[in-house]
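# Close look at the chain arrangement
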Amino acid sequence: MNKDIIIECQQIEKIYDDGASQVQVLKSLDLTVYKGERLAIIGQSGSGKSTLLHLLGGLDQPSNGKVIVHGTDIHQLNVKKQGEFRNQYLGFVYQFHHLLAEFTALENVAMPLLIRGNKPALATKKALELIDRVGLVDRQSHKPGELSGGERQRISLARALVTNPTCVLADEPTGNLDQQTADETYGLILELNKSLDTSFVIVTHDRKLAARMDRTLKLMNGHLETVSD
Ligand SMILES: Nc1ncnc2c1ncn2[C@@H]1O[C@H](COP(=O)(O)OP(=O)(O)OP(=O)(O)O)[C@@H](O)[C@H]1O
Ligand SMILES: [Mg+2]
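Below is a summary of the structure that appears in this document. (Residues numbered from 1 in each chain as written. Chains lettered and ligands numbered in written order. Predicted model: local features only at pLDDT ≥ 70, side-chain atom pairs only at ≥ 80, totals over all residues. Heavy atoms only, no water.)

## Notes on the overall build of the protein chain
Along the protein chain, the regular secondary structure elements total seven helices and 10 strands. Since a compact globule built from 229 residues should have a radius of gyration of about 17 Å, the 17 Å found for the protein chain is in line with a globular shape. Surface accessibility of the protein chain: about 11000 Å² in total, with carbon and sulfur atoms responsible for 48%. On the protein chain, the mean spot of the 26 positive side-chain charges and the mean spot of the 28 negative ones are 3 Å from each other. (Helix = DSSP H or I, 4+ residues; strand = E, 2+ residues; numbered from the N terminus. Rg over C-alpha atoms; globule rule 2.2 N^0.38 Å. Areas by Shrake-Rupley, 256 points an atom, 1.4 Å probe, with all protein chains shown as cover. Lys, Arg positive; Asp, Glu negative; His and termini not counted. Charge placed at Lys NZ, Arg CZ, Asp CG, Glu CD.)

Here it is as structure tokens:
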């Protein structure tokens, strides 16, 4: 495996503090994600998987520690630069999709390209290619409220992939899918991983999906433990 490092977490801690009580979710957590690797993160509900993924994507601040993406400490960037950095290198599939309700599936998928400054015609063309790959061309003009949960997840995956990111962070991307659609989604992930050397960090409860990744880590008591190599 190519050992270029894409993401490195050093001694990450995350404490949620609402004034009345403190919850320490992550404790001195270290993680290295290499170029082109497929990494599964498993762990019980509430163990901190979504929290960790948000920190890796610069969507939330760690209480302590550093997250280095492509050699840059993302939490040292201002919010605008963080957004640009994310748009350039990362694709994010949220646990609860976060599609924009007032836009169509096609517009949602094209959005990261428009933000990047691509011309609308090019953004639309690329977005349609990705929508085709997730098998939803006939739903392109539907708004998120007119899509099923699984369809929303697939559109969300298309949106994360449309910019050809070096790393995709996906929070239970197959959580609402039947086994066949989950397998097809996994096939797409594998294809992009092979053809573009895209790294994937996938949080999943799906043991079958985890078993098909290069490496699985389990989040437990605030730390990551190796399950398999
Ligand atoms: N904003 C917040 N304020 C306080 N506590 C929070 C906040 N967000 C999450 N938590 C707590 O942190 C812990 C980890 O939450 P997180 O969403 O990361 O879990 P998870 O592993 O993704 O769980 P699931 O598998 O259910 O999605 C939980 O106990 C949760 O209640
Ligand atoms: Mg979660």
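Moving on from the model shown.
## Focus: the packing of helix 3 (residues 105–116) against helix 4 (residues 120–133)
With their axes 8 Å apart at the nearest point, helix 3 and helix 4 run at an angle of 125 degrees to one another. Relative to helix 4, the element helix 3 lies oblique. Along this stretch, helix 3 crosses helix 4, giving a crossing that reads as right-handed. Taking contact as the criterion, the partners of Ala105, Leu106, Val109, Ala110, Leu113 and Leu114 in helix 3 are, on helix 4, Pro120, Ala123, Thr124, Lys126, Ala127, Leu128, Leu130 and Ile131. (Axes fitted to C-alpha atoms, helices over the stretch in contact; angles between N-to-C directions. Parallel < 35°, antiparallel > 145°, perpendicular 65-115°, else oblique. Left-handed = near helix turned anticlockwise from the far one by under 90°. Contact = heavy atoms within 4.5 Å.)

## Regarding the site of ligand 1
Taken together, 13 residues are adjacent to ligand 1, and Ser45, Gly46, Lys49, Ser50 and Thr51 come closest. The fraction of the free accessible surface of ligand 1 (640 Å²) that becomes covered by protein chains is 59%. The dominant element in the shell around ligand 1, judged by the number of residues it contributes, is helix 1 (residues 49–56), at three residues. Of the residues belonging to the shell around ligand 1, the class tally is two nonpolar, nine polar and two charged. (Near = heavy atom within 4 Å. Nonpolar A, V, L, I, M, F, W, Y, C, P; charged D, E, K, R; others polar.)

## Digging into the environment of Gln82
With respect to the element layout, Gln82 can be found in helix 2 (residues 79–89). Taking the C-alpha atoms as reference points, Gln82 and Gly57, separated by 25 residues in sequence, lie 9.0 Å from one another. Those residues in contact with Gln82, other than ones at most four positions away along the chain, are Gly58, Gln61, Ile74, His75 and Leu77.

## Comments concerning the sheet that holds strand 4 (residues 64–69)
Reading across the sheet, the four strands line up as 2-1-4-5 and stay open at both edges, with antiparallel pairing between neighbours. Each edge of the open sheet is held by one strand with a lone partner, namely strand 2 (22–34) and strand 5 (72–73). The pairing of strand 1 (residues 5–17) with strand 4 spans five bridges and is antiparallel. What sits directly across from Ile7, in strand 4, is Val69. (Pairing = 2+ DSSP bridges.)

## Some details on helix 5 (residues 149–161)
Taking 1.5 Å as the rise per residue, helix 5 with 13 residues should run 18 Å; its terminal C-alpha atoms sit 19 Å apart, in good agreement. The element helix 5 is extensively covered by neighbouring structure, given that 11 of its 13 residues are classed as buried. Restricting attention to buried positions, one finds in helix 5 the residues Gly150, Glu151, Gln153, Arg154, Ile155, Ser156, Leu157, Ala158, Arg159, Ala160 and Leu161. The inward-facing, buried residues of helix 5 contact strand 6 (90–93), helix 3, helix 4, strand 7 (167–171), helix 6 (179–196) and strand 8 (199–203). (Expected span 1.5 Å × (residues − 1). Buried < 20%, exposed > 50% of the residue type's maximum accessible area, 1.4 Å probe, protein only.)

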